[in-house]
Amino acid sequence: MGLELYMDLLSAPCRAVYIFAKKNGIPFDFQFVDLLKGHHHSKEYVEINPLRKVPSLRDGKFILCESVAILYYLCRKYSAPSHWYPPDLHMRARVDEFMAWQHTAIQLPMNKILWIKLLIPTITGEEVPAEKMEQAMDEVKRNLQQFEEKFLQDKMFITGDHISLADLVALVEMMQPMGSDHNVFNSAKLAEWRMRVELAIGSALFWEAHDRLVKLPSWDFSTLDPTIKIRMSEFLKKYK
Amino acid sequence: MVLELYLDLLSQPCRAIYIFAKKNGIPFQMHTVDLRKGEHLSDAFAQVNPVKKVPAMKDNDFTLSESVAILLYLTHKYKVPDHWYPQDLQARARVDEYLAWQHTTLRRSCLRALWHKVMFPVFLGEQVPSETLAATLAELDVNLRVLEDKFLQDKAFLVGPHISLADLVAITEVMHPIGGGCPVFEGHPKLAAWYHRVETVVGKELFREANEVILKVKDSAPVNLIIKQKVMPRVLAMIQ
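Nothing here was measured: the structure is a model prediction, and the numbers come from that model. (Residues numbered from 1 in each chain as written. Chains lettered and ligands numbered in written order. Predicted model: local features only at pLDDT ≥ 70, side-chain atom pairs only at ≥ 80, totals over all residues. Heavy atoms only, no water.)

Caption draft 1: Up close: the interface of chain B and chain A. In this complex, chain B contributes 27 residues to the contact, which on the side of chain A involves 27 residues. With both sides pooled, the region where chain B packs onto chain A buries about 2,600 Å², and carbon together with sulfur makes up 66% of that total. Where chain B packs against chain A, one counts one salt bridge. In this structure, Asp96(B) engages Arg76(A) in a salt bridge whose closest nitrogen and oxygen atoms are separated by 3.1 Å. (Contact = heavy atoms within 4.5 Å. Buried area = accessible area lost by both parts, 1.4 Å probe. Salt bridge = Lys/Arg side-chain N within 4 Å of Asp/Glu carboxyl O.)

Given below as structure tokens:
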């Protein structure tokens, strides 16, 4: 049995792992864990990852979760080109710094936009107060500014002239609001960097990875299983 | 020029770096950035870290934030014993997994527990509804259970038979609610045993020194009102 990656491409961390594996020709079995069908709560999946999150990796008996850990593992095991995770002490530190910062500064705020703009109204039937939306948007704006000033600056990519894991993770996360038809790439600098990263990955692979996400606004939520609906409503409560 | 570390031992991630540097005999100049006096908001400190957070590191012209990045930087630069961040692919992945997981889970609930139980009433002079505190402590318990059942299991340390960066980050996190007087080990006997093992390996003297500030946190002087105005929005953002 080869490498197995348990994913749903609706999730940004899954897209990072998917794109990285494909780009580097790493052979794997795509085990689809359909979040919209609640498969992450299934008995089979809970055995793989009791935390019920995606992505997960299974390599023989070895199971690993957390996309950052998975990306580093794949990089090392399959000897990916060094620009992905540079050996230079300072460049590597910048990647580590971004990977640590993004959990709370980028991933979560970007998800909140998706939840507030699309999932909460569609699944719970309730609109979110405009104030909450404004707060979420302000946070995204502030953090994107920090991203530009601290991580990107005037470089082509975060570590300099070449794409790294940091750019990959940053971009897939900033794409998340697209699932609610919301585009955060409002500054010229950010839009240009976005294009460079897409081209470095390869446009075909990039959009293949984002296909399920960009189709989300037209997904038929009336087919959502009632149990899943209740579970998701519970989860989304704190963001209302 | 010697390595400079900008720390306040009130902060969990600062404690991890302090212990790691001292334990490994890494020479550094300590700059205390007193959070309770708002020193992290000064223009001088913004030169070191524009994000205005501790810990921050300056190695000649190279500045770095994010404790996980700093710990990894020190690990690579100073060639510390292997057990801290093992060369073995799977053991290393386990450390990465913990370091990624903790940001939005244990770190967050330990922070909230301290602020809701002690810092809001004692330092900020703000009452916290008992339901809020109860919910925070319940969430902390859930994360402690994950620490015990998923990460520690029946091992001596989180990743195996030896202490690693994961244990250091975890122990400094649980010191937060311990300092706040929360019964962290009630119902978690394995964690209690692990705590003592980590303390022994770190060395009782260094452990006590690193935790002196957090263990006295209940005696915090009430905040200066001008400082309160400045820090309040950031506090609320930090613990959301």
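Next, the rest of the story.
Caption draft 2: Structural context of the pattern of salt bridges. Residue and element names in this part refer to chain A. This model, assessed by the stated rule, comprises 25 salt bridges over all chains. Across the pair Asp154 and Lys189 runs a salt bridge whose closest N-O atoms are separated by 3.5 Å. Highlighted residues: Asp154 in the loop between helix 5 (130–152) and helix 6 (165–174) and Lys189 in helix 7 (residues 188–201), separated in sequence by 35 residues. The exposed category is assigned to Asp154, whose relative accessible area is 74%. (Helix = DSSP H or I, 4+ residues; strand = E, 2+ residues; numbered from the N terminus. Buried < 20%, exposed > 50% of the residue type's maximum accessible area, 1.4 Å probe, protein only.)

Caption draft 3: Quick look at the nonpolar core. Residues Phe147(A), Tyr98(B) and Trp194(B) are the most contacted members of the largest nonpolar core, which totals 180 residues. A per-element tally of this core places helix 4 (residues 89–124) of chain A first, with 17 residues. Tyr98(B) has contacts with Leu106(B), Leu147(B), Phe151(B), Leu158(B), Ala166(B), Val169(B), Ala170(B) and Glu173(B), leaving out every residue within four places of it along the chain. (Core = buried A, V, L, I, M, F, W, Y, C linked by side-chain atoms within 4.5 Å.)

Caption draft 4: Spotlight on the UniProt feature "domain: GST C-terminal" (unreviewed entry) in chain A. Those places that UniProt annotates as "domain: GST C-terminal" (unreviewed entry) correspond, in this numbering, to residues 88–221 of chain A. Strand forms 0% of residues 88–221 of chain A and helix 71%; the C-alpha atoms that close the span are 48 Å apart. (UniProt positions renumbered as here; feature names shortened; annotations may be inferred.)

Caption draft 5: Summary view of helix 3 (residues 67–78) of chain B. Helix length check: helix 3 of chain B, at 12 residues, gives a terminal C-alpha distance of 16 Å against a target of 16 Å (1.5 Å per residue), a fit within 8%. Backbone geometry just downstream of helix 3 of chain B places Lys79(B) in the positive-phi region, at approximately 50 degrees. (Expected span 1.5 Å × (residues − 1).)

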